[in-house]
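Structural description and commentary
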Amino acid sequence: MTDRLPHEKGFHVSWDQLHRDARALAWRLDGKGPDDGAWKAVVAITRGGMAPAMIVARELDIRAVDTIAVVSYHSGGGAATERREAKVLKAPDAELMGDGTGILIVDDLVDSGKTLELVRSLYPNAHYACVYAKPSGEPQTDTFITGVSQDTWIFFPWDMALQYVQPYRGQD
Ligand SMILES: O=P(O)(O)OC[C@H]1O[C@H](OP(=O)(O)OP(=O)(O)O)[C@H](O)[C@@H]1O
Ligand code: HPA
Ligand SMILES: [Mg+2]
């Protein structure tokens, strides 16, 4: 959670907005699979990719849905050498995946691109789709809907809650 602190701007995404953007992603991908245009399966990068992947699978009538769990952590010693590393905690079904041909891999966003870089190294022929993308990670994604600047932190609806705010008049 400390990652969001240095960011200049906040981009707040409601459930409604996420639903609209994930639908837009699905429609853009419709008929773009290899051969006859169909996709073999949807694979969500957990956890953030799960809600968008469900919406994409529903829109495109894809019943085969699997997950890949990627965890990223800080490695290295001091601040100068510290790097973000990504590791696969749980792999999807090997028989379903093959080399990735016809598989739609979905995540909520690409930021540095580390997560997608790792998954791409495992399934080079899959199609990588994100709802949101920051410039550093853009080259790792094949399709995305909305681009935001690198200094923007995206706040997803599952990380937020409604709360009381003071009226405009009446704040001391
Ligand atoms: O392009 P990157 O710099 O790798 O960052 C993007 C990834 O970071 C977030 O996941 P996170 O690892 O925080 O886990 P979560 O999906 O379980 O929240 C997000 O959901 C992406 O998967
Ligand atoms: O901007 C972001 N928002 C939420 N999670 C993230 N993980 C990496 N970047 C982000
Ligand atoms: Mg994630």
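Predicted, not measured: the structure shown is a model, and the values here were computed from it.

What follows concerns the site of ligand 2. Around ligand 2 sit Leu-109, Asp-111, Trp-153, Ile-154 and Phe-156, and that is every residue in its neighbourhood. Residue composition of the shell around ligand 2, grouped by class: four nonpolar, no polar and one charged.

The subject of this paragraph is the UniProt feature "binding site: GMP" (unreviewed entry) in the protein. As annotated in UniProt, the feature "binding site: GMP" (unreviewed entry) corresponds to Arg-84, Asp-111, Ser-112, Gly-113, Lys-114, Thr-115, Trp-153 and Ile-154 in the numbering used here. Mapped onto the elements of the fold, Asp-111 is located in the loop between β5 (103-110) and α4 (114-122). Excluding its chain neighbours within four sequence positions, the residues that come into contact with Asp-111 are Lys-134, Ser-136 and Gly-137. Residue position: Thr-115 is located in helix α4. Residue contacts for Thr-115: discarding those within four places in its chain leaves Ile-45, Val-70, Ser-72, Ala-86 and Asp-107.

Quick look at the pairing of strand β4 (residues 83-90) now. Counting buried positions along β4 gives zero out of eight residues, so the element sits mostly on the surface. Bridging between strand β3 (residues 65-75) and β4 involves seven bridges; their strand directions are antiparallel. Following the sheet pairing, Val-70 is matched in β4 by Val-88.

One finds Val-42, Val-56, Leu-104, Ile-105, Val-106, Ala-129 and Cys-130 to be the most contacted residues of the largest nonpolar core, which totals 35 residues. At the level of secondary structure, the elements contributing two or more residues to this core comprise α1 (15-29), β2 (41-46), α2 (50-59), β3, β5, α4 and β6 (127-133). With sequence-adjacent residues up to four places away left out, Ile-105 is seen in contact with Val-43, Ile-45, Val-119, Tyr-123, Ala-126, His-127, Tyr-128 and Ala-129.

Moving on, we come to α2. The set of residues buried in α2 consists of Ala-51, Pro-52, Ala-53, Ile-55, Val-56 and Ala-57. Buried residues in α2 make contact with α1, β2, β3, β5 and β6. The first or second residue beyond α2 is Asp-61, which carries a positive phi of 55°.

This part covers unusual backbone geometry. Thr-46 connects to Arg-47 through a cis peptide bond whose omega is 0°. Structurally, the position occupied by Arg-47 is in the loop between β2 and α2. The backbone phi angle of Asp-35 is positive, close to 60°, even though this residue is not glycine. Examined against the element boundaries, Asp-35 turns out to sit in the loop between α1 and β2. On the neighbour-count criterion, Asp-35 (8 C-beta atoms within 10 Å) is exposed. The phi dihedral of Asp-61 is positive, around 55°, even though this residue is not glycine. On the basis of neighbour count, Asp-61 is assigned to the exposed category, with 9 C-beta atoms found within 10 Å.

Basis of the calculations
Residues numbered from 1 in each chain as written. Chains lettered and ligands numbered in written order. Predicted model: local features only at pLDDT ≥ 70, side-chain atom pairs only at ≥ 80, totals over all residues. Near = placed C-beta within 6 Å. Nonpolar A, V, L, I, M, F, W, Y, C, P; charged D, E, K, R; others polar. UniProt positions renumbered as here; feature names shortened; annotations may be inferred. Helix = DSSP H or I, 4+ residues; strand = E, 2+ residues; numbered from the N terminus. Contact = placed C-beta atoms within 7 Å. Buried ≥ 20, exposed ≤ 12 C-beta atoms within 10 Å, placed from the backbone. Pairing = 2+ DSSP bridges. Core = buried A, V, L, I, M, F, W, Y, C linked by C-beta atoms within 7 Å.

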